[in-house]
Amino acid sequence: MREIPLALTYDDVLLVPRRSSIASRRDVDPTTRLTRRLRLRIPIVSANMDTVTDARLAVALAHEGGIGIIHRFMTIEEEAAEVAHVKRPEDVVREVHTIGPERTISEASTQMARSGVSSLLVIDRDGALVGILTTRDLLFEENLERKVRERMTPRGELVTGPPGTSLEDARRILHEHRLEKLPLVDGEGRLRGLITSRDVLRQARLPRTVRDERGRLLVGAAIGAVGDYVERAVALVEAGADVLVVDIAHGHAEHAIRATREVKQRLPSVELVAGNVATAEGTRDLIEAGADAIKVGVGPGAACSTRVVAGVGVPQLTAVMECVEEADRQGVPVIADGGIRQAGDIAKALAAGAATVMIGSLLAGTEESPGMTVVRNGARYKVYRGSASSAVAIDRMRRERPEEQFDELAAGVVPEGVEFVVPHKGTLGEVVHQLVGGLRSGMSYLNARTLGELRANAGFLRITEAGWRESLPLPGD
Ligand code: XMP
């Protein structure tokens, strides 16, 4: 009989500790690259699943230094709008409170009290900025019928910036002039936005935020490999997506390779991730078709049933190692997608050569995820469902063929994914802090200041079932 090779996954191995000169987890640097050209500050990518990544989660993850990939289970317009939402200039206060110069002080103070703001920008009928009125200007004013224009600081005395002023520039200007507010005004004098000192301070609290060259948050978006995928790709890039992900369960299918090639030809400057594959051959074919990163994982995901339904898959550690070996030859990074069950798995995946990990279930329970919240016995949970689960398939068919009966639709589905609930876990920032903290700890055990050193210093040991049991914390009595 032909010998059958052994394949391993994260729980089959442990990393061997080594002499380390790293005294603190803060001394390690988990920056990495997602694709040939895109860099991240932490190696975490959120899964393009409809219970994991929409604009809200992508914004939160970009603030932490990772990247979200918007899922594709919606219309092209809806997906493009999600991307545009992440890319909008977040530095500018969106809801600017304004008042007309002919209004009274009494009206102004009522408006300020109602909206809880300490100043109003004064604009004329054409939207041109004519002044600013603050609570200080109203102090001890006895004539409440006086006009706003009589008490405001007029335009000529205001410091303003052009639309698109970066937070960095705003910080400098506010500091230089000892100001709290910087109105943004266009060439015609019209008010376009406002940056406050509070925005600048908030930004300083999120130092890991990843941005494009125009200062907008990084975001990716998924496309399929059949149907409208080229049209979708074009719309997503127009909306500002930094990276596209060809999302198909069997990335080594010829139509997936064709789709990768076609998208790269149509949009040569876009960073393109292709997958999912689990072999060196699959990796080679997708890189040859133009992929700038390879997504690896067939069946390891928490909501996947591919391996039991189709009998196909490769345990994830082996899959990552095989694909990395091939991708390394071409200088292309690998995304280890699925199967991250605990923080320690991230260190194992990166030690095996992946540049990033894609995570679904561990992020699905966060406050920011789009999954539905359910309450059971007083505890809060969120729904997590595989992209090939019957729930997602039926939702899609309903969108495409609304006239058909639910029962008929359900009968035709052969799911390769399941749906379940995960406990509510707090904010994405809290969850990511734990995951990256675990990675930093793993790096310090291996004397690795960078992810390159983690890989170079990694020594894996295969462990037994008893070794794995020993690894788990025992609940005390
Ligand atoms: P985790 O383990 O982080 O995995 O929850 C997320 C990844 O799982 C994959 N995925 C699926 N695989 N059937 C599958 O075989 C599915 O229905 C399914 N849904 C998601 C996907 O690669 C995701 O990033």
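Residues numbered from 1 in each chain as written. Predicted model: local features only at pLDDT ≥ 70, side-chain atom pairs only at ≥ 80, totals over all residues. Heavy atoms only, no water.

**Notes on the environment of Gly 338**
So, step 1. By the element assignment, Gly 338 lies in the loop between β16 (334-337) and α13 (343-351).
So, step 2. With 319 residues separating them in the primary sequence, Gly 338 and Arg 19 have C-alpha atoms 31 Å apart.
So, step 3. Ignoring anything within four residues of it in the chain, the contact list for Gly 338 reads Tyr 10, Pro 300, Gly 301, Gln 316 and Met 358. (Helix = DSSP H or I, 4+ residues; strand = E, 2+ residues; numbered from the N terminus. Contact = heavy atoms within 4.5 Å.)

**Structural notes on the domain arrangement of the chain**
So, step 1. Splitting the chain by domain gives domain 1 (10-86 + 216-471) and domain 2 (98-204).
So, step 2. Centre-to-centre separation of domain 1 and domain 2, based on C-alpha positions: 44 Å. (Domains from an automatic or database assignment.)

**A closer look at the state of the cysteines**
So, step 1. Inspection of every chain in the model, using the stated rule, returns 0 disulfides.
So, step 2. No disulfide involves Cys 323; its nearest neighbouring cysteine sulfur is the one of Cys 304, lying 16 Å away. (Disulfide = S-S within 2.5 Å.)

**Considering the pattern of salt bridges**
So, step 1. Applying the stated criterion across every chain, the model contains 28 salt bridges.
So, step 2. With a shortest N-O distance of 3.0 Å, Glu 64 and Arg 208 are connected by a salt bridge. Note that Glu 64 is positioned in helix α1 (residues 55-64) and Arg 208 in the loop between α7 (197-204) and β12 (220-223), a separation of 144 residues in sequence.
So, step 3. A residue is classified by how much of its surface remains accessible, and Arg 208, at 37% relative accessible area, is partly exposed.
So, step 4. Where salt bridges share partners, they join Lys 87, Asp 212, Arg 216 and Asp 242 into one cluster. (Salt bridge = Lys/Arg side-chain N within 4 Å of Asp/Glu carboxyl O. Buried < 20%, exposed > 50% of the residue type's maximum accessible area, 1.4 Å probe, protein only.)

**Some details on helix α15 (residues 390-400)**
So, step 1. Regarding α15, the residues found buried are Val 392, Ala 393, Ile 394 and Met 397.
So, step 2. For α15, the elements touching its buried residues are β19 (379-385) and α16 (406-411).

**Here we look at the pairing of strand β10 (residues 181-185)**
So, step 1. Of all 5 residues in β10, 4 are buried, a share of seventy percent or more.
So, step 2. Pairing analysis gives 5 bridges linking β10 to strand β11 (residues 191-196), with the strands arranged antiparallel. Following the sheet pairing, Val 185 is matched in β11 by Leu 191. (Pairing = 2+ DSSP bridges.)

**What to know about the environment of Ala 291**
So, step 1. Tracing the backbone through its elements, the reader meets Ala 291 in the loop between α10 (280-288) and β15 (293-296).
So, step 2. Relative accessible area serves as the criterion here: at 0%, Ala 291 is assigned to the buried category.
So, step 3. Along the chain, Ala 291 and Leu 272 lie 19 residues apart, while their C-alpha atoms are 5.4 Å from each other.
So, step 4. When residues no more than four places from it in sequence are discounted, the contact partners of Ala 291 are Arg 36, Thr 260, Leu 272, Ala 274, Leu 286 and Val 332.

**Re the sheet that holds strand β8 (residues 129-134)**
So, step 1. If you walk across this open sheet you meet the 4 strands as β6-β7-β8-β9, and the pairing is mixed. Both outer strands of the open sheet, β6 (98-99) and β9 (153-154), are each paired with one neighbouring strand and no more.
So, step 2. In this sheet, β8 lies alongside strand β7 (residues 119-123) in antiparallel orientation, the contact comprising 5 bridges. Note that in β8 the partner of Leu 120 across the bridge is Leu 133.

**Here we look at the packing of α1 against helix α17 (residues 428-445)**
So, step 1. The contact between α1 and α17 brings their axes to 10 Å, and the two run at 45°. One finds that α1 runs oblique with respect to α17. Classified by chirality, the crossing of α17 by α1 is right-handed. Listed contacts from α17 to Leu 57, Ala 60, Leu 61 and Glu 64 of α1 are Leu 428, Gly 429 and Val 432.
So, step 2. Here the contact of α1 with α17 is composed, by residue class, of 5 nonpolar, 1 polar and 1 charged. (Axes fitted to C-alpha atoms, helices over the stretch in contact; angles between N-to-C directions. Parallel < 35°, antiparallel > 145°, perpendicular 65-115°, else oblique. Left-handed = near helix turned anticlockwise from the far one by under 90°. Nonpolar A, V, L, I, M, F, W, Y, C, P; charged D, E, K, R; others polar.)

**Some words on the side chain of Lys 295**
So, step 1. Secondary-structure assignment places Lys 295 in strand β15.
So, step 2. Lys 295 sits in the buried class, given a relative accessible area of 3%.
So, step 3. The residues touching Lys 295, leaving out its near neighbours within four places in the chain, are Asn 48, Val 245, Val 273, Ala 274, Gly 275, Asn 276, Val 277, Ile 335, Asp 337 and Met 358.

**Comments concerning the sheet that holds strand β17 (residues 356-359)**
So, step 1. In spatial order, the strands read β4-β5-β12-β13-β14-β15-β16-β17; together these 8 strands close into a barrel with parallel pairing. Strand-to-strand twist of the sheet, defined as the mean angle between neighbouring strand axes without regard to direction, takes the value 25°.
So, step 2. Strand direction decides the pairing type here: β16 and β17, joined by 3 bridges, are parallel. Of the residues in β17, the one forming a bridge with Asp 337 is Met 358.
So, step 3. Sheet contacts for α1: β4 (44-46) and β5 (67-70); angle to β5, the most-contacted strand, approximately 160°.

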